[in-house]
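# Breakdown of the fold
In case you want the letters, here they are:
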Amino acid sequence: MSQLSERPEKPVVGVSMPHESAHLHVTGAALYTDDLVHRTKDVLHAYPVQAAKAHGRIIALHTGPALAVPGVVRVLTGADVPGVNDAGMKHDEPLFPDEVMFHGHAVAWVLGETLEAARLGAAAVEVDLDERPSLIALRDAIEAGSFHGARPVMRTGDVDAGFADSAHVFTGEFQFSDQEHFYLETHTALALVDENGQMFVQSSTQHPSETQEIVAHVLGLHSHEVTVQCLRMGGGFGGKEMQPHGFAAVAALGARLTGRPVRVRLNRTQDLTMSGKRHGFHAEWKIGFDGDGRIQALDATLTADGGWSLDLSEPVVARALCHIDNTYWIPHARVTGRIARTNKVSNTAFRGFGGPQGMLVIEDIMGRCAPLLGLDPTELRERNFYRPGQGQTTPYGQPVTHAERISTVWQRVRDDAALADRKREIAAFNAAHPHTKRGLALTGIKFGISFNLTAFNQGGALVLIYKDGSVLINHGGTEMGQGLHTKMLQVAATTLGIPLHKVRLAPTRTDKVPNTSATAASAGADLNGAAVKNACEQLRGRLSQVAATQLGVNASDVRFVEGVARALGRDGELAWDDLVRTAYLQRVQLSAAGFYRTEGLHWDAKAFQGSPFKYFSYGAAAAEVEVDGFTGAYRIRRVDIVHDVGDSLSPLIDIGQVEGGFVQGAGWLTLEDLRWDTGEGPNRGRLLTRAASTYKLPSFSEMPEEFHVRLLENATEEGAVYGSKAVGEPPLMLAFSVREALRQAAAAFGPAGVSVELASPATPEAVYWAIETARGGGAAREGDHARDGAALRIDAGSASHA
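Owing to the predicted nature of the structure, the values given are computational and were not obtained by experimental measurement. (Residues numbered from 1 in each chain as written. Predicted model: local features only at pLDDT ≥ 70, side-chain atom pairs only at ≥ 80, totals over all residues. Heavy atoms only, no water.)

Turning our attention to the overall build of the chain. From N to C terminus, the chain includes 20 helices and 32 strands. Dimensions of the chain, computed from the C-alpha atoms along their principal axes, are close to 85 × 80 × 50 Å. Put simply, the chain has 802 residues, and 61% of those count as buried. Put simply, 81% of the contacts in the chain that link residues at least 6 apart link residues at least 24 apart. As displayed, the chain offers around 28800 Å² of accessible surface, 50% of which is attributable to carbon and sulfur atoms. (Helix = DSSP H or I, 4+ residues; strand = E, 2+ residues; numbered from the N terminus. Buried < 20%, exposed > 50% of the residue type's maximum accessible area, 1.4 Å probe, protein only. Contact = heavy atoms within 4.5 Å. Areas by Shrake-Rupley, 256 points an atom, 1.4 Å probe, with all protein chains shown as cover.)

What follows is the structure, encoded as structure tokens:
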């Protein structure tokens, strides 16, 4: 086993413990960015001037009326920017635009002594627009040929030959919804010029280094003149990876121009109407199976709704293409990705980052094609799994390591959930209940871990040991409630061989650990954990030399366990605090900068080939639902999950992440239905679901009545920190099981062999229409035509038909 993966005697990693800030969270004592306003003197409040049209050229901006409002101090416009008027890394996101690109676009910001003064000032600003045509619906953008960014194509094998060899060929179309992050803490920033003339920005950001970079170029400064700190976030889910930068830049610009601290905090409606979502997708596909139901060929085009600017749409689409195979070997494939440009908010990262969208396409195909092939969906999925020792690679050319875990987690869920017995019980229940049906589905996941952009796969840390033996960690990751800081404390304590209470963690700051990657791609623990471990190993090595002299042994024979240094095979020991004090007196350096870069990655974006992922995470979930035939209303009766996190760094944290990710995924697939005004009236392009009253989020009532989560045992991941694996994003896709169970329950209202179209999100309304289609016979099995080589077209439902 590698040094990175091997665990020492009595490690602190692997121990179940609560989140390091759990007590602060539940008592309300935890401080977030906006709480710091009350500790800061003379703060000005910023409020956006939002355009009420989806698209138009700004002819004039009348700020005079705002300045006449009592308490208004200044109105920020593009003329005030001393550097680059852009908030994006692609230079396509003007901070102060000349052209309104979506309904709610901020064209100016008003600074006031109070938030109310700023609000009234913003309402007084007059914006003259030359309104222009807009594209709101994804289908309209596709028909208009409105695209931007790269158009990658992933190829493997010979697609035409694969279809020629297929006994069954089906084609279809599928459009599925975007998703709002709805983090508890909205976008927030607080900026001030400190006593040294440095711009200091507190920001709720997943990517402090990039926030620093954007703030610097907007202000015309160098990065060393800007420090960004992230104390903690009240949720992020990817929504704070790219989009906080502009809000931080507005606060910083205001502070630079007024000499006073400036606060930006969006209210919920502003956050919903100004910040990006998960990308909705449209998919067209053609798939071929052999006579045994094994996939022979796939030809698909995936189109993401990118919104008005690129943001992270290109890597999101790339990851969608890289995950369209999910757990299935596809010998011949051609998959094309596109980004539609629409007049909506710029869509961005969201937990899974395109992976869920790609995987949903293939899972929808499997669920729809199984009855047409005369196979149980579970059997069809099993027949197409990647198999170990077969030399199988993904469509982009990466070998699938530990492919046996696909079947392992699958079988353990089958056993844990007693699937065979429950399927018989469900069949009996459905036969006895004409107006209520149940469905039980099992789905699996294979999710690649690492940033698609190889350069991002690096992490840094700074670890300090003080004379009294206490330890302070700085690392480049941010805490958004996911437990990263808890894991980093455990990694440091384990590596140094000291009790956890001796280690403290400092807030994430760009002047402590520079040039960090975003806390995203589920790589936070991998990258930062390895960097923290590297720094601690340097310190332990120095202290081992000091201890060896004291104990009269070689440094290689010194071990640190539970705060005591001992020599192998020798009596005598040194307490940690005494050893540190001795090291200080001997002028031994007691600080270390750690670094880690993920090895073994290579990626050719143009050819769309390579090995972009360090490893794959695996999981499986079985979900049982009950559906009402009159209304389409449903409940989740039971969920069983087995998930692969390697050797868990912190089991309680990881189980919580699996549960939370699953519920968030179920929300995306079944409840969360974003709607825009697509009419030709004055509010065209306006987000209609702009509050919790109109945008339904999963709550306790949507939780499974029985919820069983188990982590895969004996699953050490060689080459990852202490043998662990990422946990943030992969569990979200376990919720495919809920959607597939709803499909089976809806099909049970019709004759056997019905292929059911199911919209996504599968709201009760959408489920009702699926039931009605099933009652009418739906897309019945037409195996004879398929065997003759004719394509059976299946047009998928979408939210638009409901």
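So, next bit.
So, on to helix α6 (residues 208-219). The end-to-end C-alpha distance of α6, which contains 12 residues, comes to 16 Å, matching closely the 16 Å that a straight helix rising 1.5 Å per residue would cover. Across the 12 residues that make up α6, a large majority, 11, are buried. One or two positions beyond α6, positive phi appears at glycine 220, with a value near 70°. (Expected span 1.5 Å × (residues − 1).)

Moving on, we come to the side chain of glutamine 392. Structurally, glutamine 392 can be placed in the loop between α11 (377-383) and α12 (404-416). A relative accessible area of 13% places glutamine 392 in the buried class. At 2.8 Å, the side chain of glutamine 392 and the backbone nitrogen of arginine 387 are in polar contact. Ignoring anything within four residues of it in the chain, the contact list for glutamine 392 reads Trp329, Phe385, Tyr386, Arg387, Pro399 and Val400. (Polar contact = N/O pair within 3.5 Å; in protein donor to acceptor, adjacent residues only side chain to side chain.)

As a further point, take the environment of leucine 44. Position of leucine 44 among the secondary structure elements: in strand β1 (residues 44-50). Residue leucine 44 is classed as buried on the basis of its relative accessible area of 0%. Measuring from C-alpha to C-alpha, the distance between leucine 44 and arginine 260 comes to 6.9 Å, with 216 residues separating the pair along the chain. Other than its neighbours up to four places away in sequence, leucine 44 contacts Val73, Leu111, Gly112, Glu113, Thr258, Arg260, Pro261, Val262 and Arg263.

Tracing the chain through its elements places proline 244 in helix α7 (residues 244-258). The buried category is assigned to proline 244, whose relative accessible area is 2%. Here the alpha-carbon distance between proline 244 and alanine 752, two residues 508 residues apart in the chain, equals 51 Å. Not counting residues within four places of it along the chain, the set of residues in contact with proline 244 comprises His187, Ser203, Ser204, Thr205 and Gly239.

This brings us to the pairing of strand β17 (residues 458-465). With seven of eight residues buried, β17 is to be regarded as a mostly interior element. Pairing analysis gives seven bridges linking β17 to strand β24 (residues 591-597), with the strands arranged antiparallel. The partner of valine 463 across the bridge, within β24, is alanine 592. Pairing geometry for β17 and strand β18 (residues 471-475), over five bridges, is antiparallel. Residue pairing for β18: alanine 461 is matched across the bridge by histidine 475. (Pairing = 2+ DSSP bridges.)

With that settled, the discussion passes to unusual backbone geometry. Residue serine 760 is joined to proline 761 through a cis peptide bond whose omega torsion reads 15°. Mapped onto the elements, proline 761 comes out in the loop between β30 (754-755) and α19 (764-775). Phi at aspartate 311 is positive, roughly 50°, even though this residue is not glycine. By secondary structure assignment, the location of aspartate 311 is in the loop between β14 (295-307) and α9 (313-322).

It is worth spelling out helix α10 (residues 355-372) at this point. With 18 residues, α10 extends 27 Å from end C-alpha to end C-alpha; this agrees with the ideal 26 Å at 1.5 Å per step. The buried fraction of α10 is high, at 18 of 18 residues. Just past α10, the residue glycine 374 takes up positive phi, approximately 75°.

An order of β4-β2-β6 is seen for the three strands of this open sheet, with the pairing classed as antiparallel. Each having just a single partner strand, β4 (99-100) and β6 (126-131) make up the two edges of the open sheet. Pairing analysis gives two bridges linking strand β2 (residues 56-62) to β4, with the strands arranged antiparallel. The partner of arginine 57 across the bridge, within β4, is glutamate 99.

Take the packing of helix α18 (residues 736-747) against α19 next. Relative to each other, α18 and α19 sit at 40°, their axes nearing to 8 Å. As the angle between them shows, α18 and α19 are arranged oblique. The way α18 lies across α19 gives a crossing that is right-handed. Between α18 and α19, the residues in contact are Leu742, Ala746 and Ala747 and Val767, Ala770, Ile771 and Ala774, respectively. (Axes fitted to C-alpha atoms, helices over the stretch in contact; angles between N-to-C directions. Parallel < 35°, antiparallel > 145°, perpendicular 65-115°, else oblique. Left-handed = near helix turned anticlockwise from the far one by under 90°.)

Any two packed helices are characterised by how steeply their axes cross, that is the angle between the axes, and by the distance between the axes. Where helix α15 (residues 524-551) contacts helix α16 (residues 576-585), the two axes come as close as 10 Å, and the packing angle between them is 100°. Between α15 and α16, the crossing angle belongs to the class labelled roughly perpendicular. Facing α15, whose interface residues are Leu543, Val546, Ala547 and Gln550, α16 presents Trp576, Leu579, Thr582 and Ala583. When its residues are assigned to classes, the contact of α15 with α16 shows six nonpolar, two polar and no charged. (Nonpolar A, V, L, I, M, F, W, Y, C, P; charged D, E, K, R; others polar.)

Before going further, it helps to spend a moment on the pattern of salt bridges. Close approach of charged atoms lets side chains of opposite charge pair. Applying the stated criterion across every chain, the model contains 52 salt bridges. Salt-bridge contacts for arginine 57 lead to glutamate 99; the nearest nitrogen and oxygen are separated by 3.6 Å. Of the two residues, arginine 57 sits in strand β2 while glutamate 99 sits in strand β4, which places them 42 residues apart along the sequence. On the basis of relative accessibility, which here comes to 32%, the residue arginine 57 falls in the partly exposed class. Sharing partners across several salt bridges, the network here consists of Glu363, Asp364, Arg368, Arg381, Arg739, Glu740 and Arg743. (Salt bridge = Lys/Arg side-chain N within 4 Å of Asp/Glu carboxyl O.)

In this structure the tally under the stated criterion is 17 aromatic pairs. Seen from their ring centres, phenylalanine 176 and phenylalanine 281 are 5.9 Å apart, and the 10° between their planes marks the pair as stacked. Taken together, the residues span a long stretch of sequence, with phenylalanine 176 in strand β8 (residues 168-176) and phenylalanine 281 in strand β13 (residues 281-289) at a distance of 105 residues. The pair formed by phenylalanine 176 and phenylalanine 281 is uniform in burial state, with each residue classed as buried. Measuring from ring centre to ring centre gives 4.9 Å for phenylalanine 385 and tryptophan 410, while their planes differ by 85°; the resulting arrangement is edge-to-face. Of this pair, phenylalanine 385 sits in the loop between α11 and α12 while tryptophan 410 sits in helix α12, and the two are 25 residues apart along the sequence. (Phe/Tyr/Trp six-rings, centres within 6.5 Å; stacked < 30°, edge-to-face > 60°.)

Turning to the sheet that holds strand β12 (residues 262-265), a few remarks are in order. Overall, mixed pairing links the eight strands, which are arranged β3-β5-β1-β12-β9-β10-β11-β20 in an open sheet. If you trace the sheet from one side to the other, it starts and ends with β3 (72-76) and β20 (508-509), each paired once. The pairing of strand β10 (residues 199-203) with strand β11 (residues 226-230) spans four bridges and is parallel. Looking across to β11, one finds that glutamine 202 is bridged to glutamine 229. Contacting β1, β3, β5 (106-112) and β12, helix α3 (residues 115-124) runs over the sheet at an angle of about 25° to β1. Against the sheet, α6 engages β10, β11 and β20, with an angle of about 145° to β11.

With that settled, the discussion passes to the confidence of the model for the chain. Close inspection of predicted coordinates is inappropriate in any region flagged by low pLDDT. For the chain, per-residue confidence averages 96 on the pLDDT scale, and residues scoring 70 or more make up 97% of the total. This model gives residues 794-802 a pLDDT under 50, and the stretch forms 28 contacts once residues within four places in sequence are excluded. (pLDDT = per-residue confidence, 0-100.)

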